[in-house]
Amino acid sequence: MALLRWGLGRQNVHRSSRVLLLKLTVIVISVLLLCEYFIYYLVIVRCRWPEVKTLAHGDGQEPVLKAMFLADTHLLGEIRGHWLDKLRREWQMERAFQTALWLLQPEVVFILGDIFDEGKWSTPQAWADDVQRFQKMFRHGSHVQLKVVIGNHDIGFHYHHGCISASLSINSLPLLGCQLLWWLQPRLVLSGHTHSACEVLHPGGVLEVSVPSFSWRNRNNPSFIMGSLTSRDYALSKCYLPFEDRVLTTYGAVVSFLVLLVLAHFERLPSSLLSGWKRCRTHMRR
Ligand SMILES: [Zn+2]
């Protein structure tokens, strides 16, 4: 009889351990899916293309070009950065870019320089590898055009030919900038390089908008610019990506909860906490 009871007890322990393992697995998978995949949809779905004034054109209105502008992706090469950092940053940027393409359906995407971090030092082999990863991350359908501008980190111009380093960043080059403005007569200038957002009004009322970095290595919440462009007018809005500190806080909270769950299961919590935990469980089961 005692042997039978001992056997049943062991079976119960095994069953409850299996249930615990199942609970832990479900929680871990759900949190990973939320923080690494669905979060990009939940955040980017709130972004809207700005409204721009359109004139009558033939039977309807003049066409509006939907353009996305991002900058300073700084893909890490083989020299700098830990492999985990590299993996994480590239996953974040790939998911953000692919989700934005799917939800916002831009017609053209501009990347305003500093695609790579180590273009200046790369060997031909490392360069080929970096380019291959870039093409995978920023893959797109044939209905989307991708235009990439070279930045100082891509080919090391920063150290050899400072004047080209700014990847259209005219504000850091007053003389060349003024000449370019006079020569090109733009309506709007968008630039990268600064890693943060700022606006400068140039002589003649030309607005320059600096696009923040698209990499979480440079910012807690990267963003990109959405532009609605017609042949006469434009409107811009900014689309923010998830805050990294909130994601890390979520992971921290979930890990603490899982530790509590395991300790409670093996009755290793201090007795006051354990009785509270048991009361909470009975309350939830009612
Ligand atoms: Zn940069």
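Everything below is about the structure shown above.
The model shown is predicted, which means the values in this text are computed figures rather than measured ones.

Participant: Which parts of the structure should I look at to understand the coordination of the zinc ion?
Facilitator: In an ideal tetrahedron of four donors about a metal, each angle is 109.5 degrees. In an ideal octahedron of six donors, the angles are 90 or 180 degrees. Protein ligation of the zinc ion involves Asp72 (OD), His74 (NE2), Asp114 (OD) and His195 (NE2), the donor distances falling in the range 2.1 to 2.3 Å. Metal-centred angles of 86 to 173 degrees between the four donor atoms at the zinc ion mark the site as irregular. If you list the donors of the zinc ion from N- to C-terminus, the spacing comes out as D-x1-H-x39-D-x80-H. Remark: histidine 195 occurs in the loop between strand 6 (188-191) and strand 7 (198-202) and histidine 74 occurs in the loop between strand 3 (65-70) and helix 2 (83-104); sequence separation between them is 121 residues. Judged by its relative accessible area of 8%, histidine 74 is buried.

Participant: Quick question: what am I supposed to make of the pairing of strand 4 (residues 108-112) here?
Facilitator: Moving residue by residue along a regular strand, the side chains alternate between the two faces of the sheet. Of all five residues that make up strand 4, four are buried, and the element is covered over most of its length. Two strands pair when backbone bridges link them, and strand 3 and strand 4 are joined in this way by four bridges, in the parallel orientation. Note that in strand 4 the partner of phenylalanine 69 across the bridge is phenylalanine 110. Strand direction decides the pairing type here: strand 4 and strand 5 (residues 145-149), joined by five bridges, are parallel. In the sheet register, valine 109 faces strand 5, and the bridge partner there is leucine 146. As a crossover connection, the stretch from strand 4 through helix 3 (residues 124-137) into strand 5 is right-handed.

Participant: Whenever I open this one, the environment of glutamate 244 confuses me. Can you help?
Facilitator: In this fold, glutamate 244 is placed in helix 7 (residues 244-265). Given the relative accessible area of 10%, glutamate 244 is considered buried. Not counting residues within four places of it along the chain, the set of residues in contact with glutamate 244 comprises Arg88, Arg89, Gln92, Trp216 and Asn220.

Participant: Sorry if this is basic, but what is going on with the nonpolar core here?
Facilitator: As a rule of thumb, nonpolar side chains are buried together in soluble globular proteins. By size, the foremost hydrophobic cluster in this structure holds 37 residues, and its most contacted members are Leu70, Phe97, Leu104, Val109, Phe138, Phe214 and Phe224. When residues of this core are traced back to their parent elements, those giving at least two are helix 1 (2-44), strand 3, helix 2, strand 4, helix 3, strand 9 (223-229) and helix 7. Top contributing element to this core by residue count: helix 1, with eight residues. Per-domain counts for this core show at least three residues from each of domain 1 (50-242) and domain 2 (244-286). Aside from chain neighbours lying at most four places away, what touches leucine 70 is Phe97, Val109, Phe110, Ile111, Leu112, Phe138, Val211, Phe214 and Phe224. By size, the runner-up hydrophobic cluster in this structure holds twelve residues, among which are Val108, Leu112, Leu188 and Ile225.

What counts, and at which threshold
- In this numbering scheme, every chain counts its residues from 1 along its sequence in written order.
- Only residues with pLDDT of at least 70 are given local features in this predicted model, and only at 80 or more are side-chain atom pairs given and counted; all residues enter the totals for whole chains, interfaces and linings.
- As a convention, hydrogens and water are excluded, and side-chain values are obtained from all of the structure's heavy atoms.
- In this analysis a donor is any N, O or S atom within 2.8 Å of a metal ion (3.2 Å for sodium, potassium and calcium), and since water is not included, sites may seem incomplete.
- Think of it this way: with four donors and all angles in the 85 to 135 degree range, the site is tetrahedral; with four or six donors, opposite ones beyond 155 degrees and the rest between 65 and 115, it is square planar or octahedral; otherwise it is irregular.
- A run of H or I in DSSP becomes a helix once it reaches four residues, and a run of E becomes a strand once it reaches two; helices and strands are each numbered from the N terminus.
- Summary of the burial criterion: residues with accessible area below 20% of their type's maximum are buried, those above 50% are exposed, and those between are partly exposed, where the area comes from a 1.4 Å probe applied to protein chains only.
- Note on pairing: two strands pair once DSSP finds at least 2 bridges between them.
- When the strands point away from the viewer and the path from the first strand over the helix to the second turns clockwise, the crossover is right-handed.
- Contacts are residue-level and defined by heavy atoms, with any inter-residue pair within 4.5 Å sufficient.
- To form a nonpolar core, buried Ala, Val, Leu, Ile, Met, Phe, Trp, Tyr and Cys residues must be joined to one another through side-chain atoms within 4.5 Å.
- Segmentation into domains, and thus their bounds, comes from an automatic or database assignment.

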